[in-house]
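The lines below spell out each chain.
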Amino acid sequence: MSGALQAVFQNQRSFGPAFMDVSTTGSPTITTDGNYKVVKFTGSGSFTVNSVGTDPTYGAAVDYLVVAGGASGGRQKAAGGGAGGLIYTTGASVTATTYTIVVGAGGSLAPDNDRGNNGVNSSGFSVSAIGGGGGGCNAVPNGKSGGSGGGAAISGAGGARTGGLACVGGGYDAEPK
């Protein structure tokens, strides 16, 4: 599964000198939720702050969620891939500049009897979320490290998590409960 990036900022229903003026490239979805603008990227693009506002609390503040691409599972007696890592920040201070937004793709299909492929990192606002770790398989049972580690196959170990909010990959349990 592909990643995403979502930015939310105070808007008071219309842009004005108290609040920031922004523009975007790519194809983000832009919606209004109460007094907030929500900009959601499911593909790469840019988020440009044309000017920050004069409001001391909300004039230059953005909440953002960055999610990396999830990994693919292994092939043949295999385990699932790990979820993409995520980073959630509230009240981040921004300046009048262009922020490059990169949305990572999900891990591609693994070759026969091989571990899954890691998801691709997503980044924006000077942070990077790590793609999920590929799942283990019969031939190579350990899951790969990633945003959330890949699951273990047969007698392997789950992959390690690598930063952000993420989980260690699950281990193999031969005895269903």
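Throughout, residues of each chain are indexed from 1 in the direction in which the sequence is written. Since the coordinates come from a predicted model, pLDDT governs what is reported: local features require at least 70, and pairs of side-chain atoms require 80 or more to be given and counted, while whole-chain, interface and lining totals use all residues. Where side-chain values are given, they derive from all heavy atoms of the structure, hydrogens and water being excluded.

A. Quick look at the environment of Leu109. Residue position: Leu109 is located in the loop between strand S8 (98-101) and strand S9 (122-124). The class for Leu109 is exposed, based on a relative accessible area of 67%. Taking C-alpha positions, Leu109 is 8.3 Å from Gly74, a pair spaced 35 residues apart along the chain. Residue contacts are defined here by distance: any two heavy atoms, one from each residue, within 4.5 Å place the two residues in contact. Once you skip the residues sitting within four places of it in the chain, Leu109 turns out to touch Ser72, Arg75 and Asn117. Secondary structure elements are taken from DSSP: a helix is a run of H or I of four residues or more, a strand is a run of E of two residues or more, and numbering for both begins at the N terminus. Relative accessible area decides the class of each residue, using a 1.4 Å probe on protein chains only: under 20% of the type maximum gives buried, over 50% gives exposed, and in between gives partly exposed.

B. Focus on the environment of Ser145. On the secondary structure map, Ser145 appears in the segment after strand S10 (127-129). Looking at Ser145, the relative accessible area reads 37%, which means it is partly exposed. Once the C-alpha coordinates of Ser145 and Gly134 are considered, the two residues, 11 residues apart in sequence, prove to be 7.4 Å apart. Apart from the residues lying within four places of it in its own chain, the contact partners of Ser145 are Asn118, Gly133, Gly159, Ala160 and Thr162. At 3.5 Å, the side chain of Ser145 and the backbone nitrogen of Ala160 are in polar contact. Pairs of N or O atoms are called polar contacts if they sit within 3.5 Å, as long as, within protein, a hydrogen donor faces a hydrogen acceptor (for residues adjacent in sequence, only side-chain-to-side-chain pairs).

C. Molecular detail of the pattern of salt bridges. For this document, the term salt bridge refers to a Lys or Arg side-chain nitrogen within 4 Å of an Asp or Glu carboxyl oxygen. Here the structure, examined in full by the defined rule, presents one salt bridge. Between Arg75 and Asp112 there is a salt bridge, and its shortest N-O distance comes to 3.9 Å. Taken together, the residues Arg75 in the loop between strand S6 (61-67) and strand S7 (86-93) and Asp112 in the loop between S8 and S9 connect sequence positions 37 residues apart.

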